[in-house]
Amino acid sequence: TKLKVGLLFGGRSGEHEVSIASARSIAQALSDPANVEKYDLMPFYIQKDGQWRSPDIARSVLESGALECDDQATNLWKFPIEAEQVDVWFPILHGPNGEDGTIQGLLTLMQKPFVGSGVMGSAVGMDKIAMKMAFAEVGLPQVKYLAVSRAEVYSNPCVFPKLCDRIESELGYPCFVKPANLGSSVGISKVRTRAELEAALDSAASYDRRIIVEAGVVAREVEVAVLGNDQAKASVVGEITFDSDFYDYETKYTAGKSSHTIPANLPDEVVSLIQERALQAFHAIDCAGLSRVDFFYVESTGEVLINEINTLPGFTATSMYPMMWAASGIPYPELVDRLIQLALEQ
Ligand code: ATP
Ligand code: MG
Ligand code: MG
Ligand code: MG
């Protein structure tokens, strides 16, 4: 008998539309002949207000895009009845309320296997401060950073300047100000002056209670895909290039604003180092199934600095994660199959 795959997408995050695009590609891969024999697709859509919708509605969203909703969810604890039939969940939610351990907690309580990392790997991977602390603990080189709280940013006019002084003296300019728990570069600013720093802290504080400020580095941006559980493997390395100031939201999602090279043109020993560190990072926070690990490669010094891990990376047919596996010998439909099998193995 076929396994019913609960494809869970949409979600209460700024990456809602990206999630729909990822889910559309996965749904298509499940209709590939080899997968059709093993799996039945059962899609579930989470509206922007958090409400879950049935497979019927989810299918129409996959075809024609996000549903409008009034942001007044009243049925948060009513799941579509079909959810009871799901054998294995495939959450493909990016960002807060999906990639961060919240959905993983719910699925754990449902006592059904699911694709990807559990509560801890997801939560630690999403929070850039916790993530960097975990990476430091296993000795992974990374940029210098300071953790800042919203309370410090909104503090009285005597404390705030001291915070900015400290950032200037410890990190200098340019530096990057980021909400700790987000993705797709939402809320991130690159700052070069005191005035920009103050504005960036204020902006980041509007997204998250937790903020991270990082020393800016001039480097090539390289990524690697990890697949597996305890015996996880790393893919070939890919490189992202663009003309904009940094890899911001617009650059990420506007066609033609960025390009990729897979495999990246790098010395063999740098590739091995990146792959090794990606696996170290994956295990450091107890990931499972998949992750995309992003690095800065400082060509002048040969340094490989880990930037971050994404436990549910973009998963469209033209997203980096599946493309890096395709270039490593695992085509998209097989990748989807392997991820489901890895979920069942857990
Ligand atoms: P994703 O969409 O991959 O989840 P994100 O929102 O988690 O991204 P980051 O990867 O932390 O954000 O940063 C986004 C981009 O900002 C990077 O790809 C890079 O271009 C730039 N950037 C971030 N931090 C630094 C840094 N310390 N030095 C130089 N550039 C940086
Ligand atoms: Mg990220
Ligand atoms: Mg992300
Ligand atoms: Mg990133």
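Everything below is about the structure shown above.
Residues numbered from 1 in each chain as written. Chains lettered and ligands numbered in written order. Predicted model: local features only at pLDDT ≥ 70, side-chain atom pairs only at ≥ 80, totals over all residues. Heavy atoms only, no water.

Re the overall build of the protein chain
Part 1 of the reasoning: Regarding its fold elements, the protein chain presents 13 helices and 13 strands.
Part 2 of the reasoning: Its C-alpha atoms give the protein chain a radius of gyration of 20 Å, within 12% of the compact-globule value 20 Å for 346 residues.
Part 3 of the reasoning: Its C-alpha atoms give the protein chain principal-axis dimensions of roughly 65 × 50 × 35 Å.
Part 4 of the reasoning: Across the protein chain, contacts joining residues at least 24 apart in sequence account for 69% of those joining residues at least 6 apart.
Part 5 of the reasoning: Total accessible area computed for the protein chain in this model is approximately 15,300 Å², and 51% of it derives from carbon and sulfur atoms.
Part 6 of the reasoning: The positive charge centre, built from 29 side chains, and the negative charge centre, built from 46, are 3 Å apart in the protein chain. (Helix = DSSP H or I, 4+ residues; strand = E, 2+ residues; numbered from the N terminus. Rg over C-alpha atoms; globule rule 2.2 N^0.38 Å. Contact = heavy atoms within 4.5 Å. Areas by Shrake-Rupley, 256 points an atom, 1.4 Å probe, with all protein chains shown as cover. Lys, Arg positive; Asp, Glu negative; His and termini not counted. Charge placed at Lys NZ, Arg CZ, Asp CG, Glu CD.)

A few points about the pattern of salt bridges
Part 1 of the reasoning: Evaluation of the coordinates by the stated rule reveals 19 salt bridges.
Part 2 of the reasoning: Here arginine 166 and glutamate 170 are joined by a salt bridge, their closest N and O atoms 3.1 Å apart. On the criterion of helical spacing, the pair formed by arginine 166 and glutamate 170 is a turn pair, its members being four residues apart in helix H8 (residues 159-170).
Part 3 of the reasoning: With its nearest N and O atoms 2.8 Å apart, the salt bridge here joins aspartate 294 to arginine 292. An identical accessibility class is assigned to aspartate 294 and arginine 292; each is buried.
Part 4 of the reasoning: Through salt bridges that share partners, Asp165, Glu168, Arg194 and Glu198 make up one connected network. (Salt bridge = Lys/Arg side-chain N within 4 Å of Asp/Glu carboxyl O. Buried < 20%, exposed > 50% of the residue type's maximum accessible area, 1.4 Å probe, protein only.)

Notes on the site of ligand 1
Part 1 of the reasoning: Taken together, 23 residues lie around ligand 1, and Lys128, Lys178, Ser185, Glu221 and Asn310 are the ones closest in.
Part 2 of the reasoning: One of the backbone nitrogen or oxygen atoms of serine 184 is found 2.8 Å away from an oxygen atom of ligand 1.
Part 3 of the reasoning: Side-chain polar atom of glutamate 214 to a nitrogen atom of ligand 1: 3.0 Å apart, as the coordinates give it.
Part 4 of the reasoning: Across the complex, the protein chains shield 94% of the 620 Å² of accessible surface that ligand 1 would expose by itself.
Part 5 of the reasoning: Residue assignment for the shell around ligand 1 shows that the elements contributing at least two residues are strand S6 (175-179), strand S8 (210-215), strand S12 (289-298) and strand S13 (303-310). (Near = heavy atom within 4 Å. Polar contact = N/O pair within 3.5 Å; in protein donor to acceptor, adjacent residues only side chain to side chain.)

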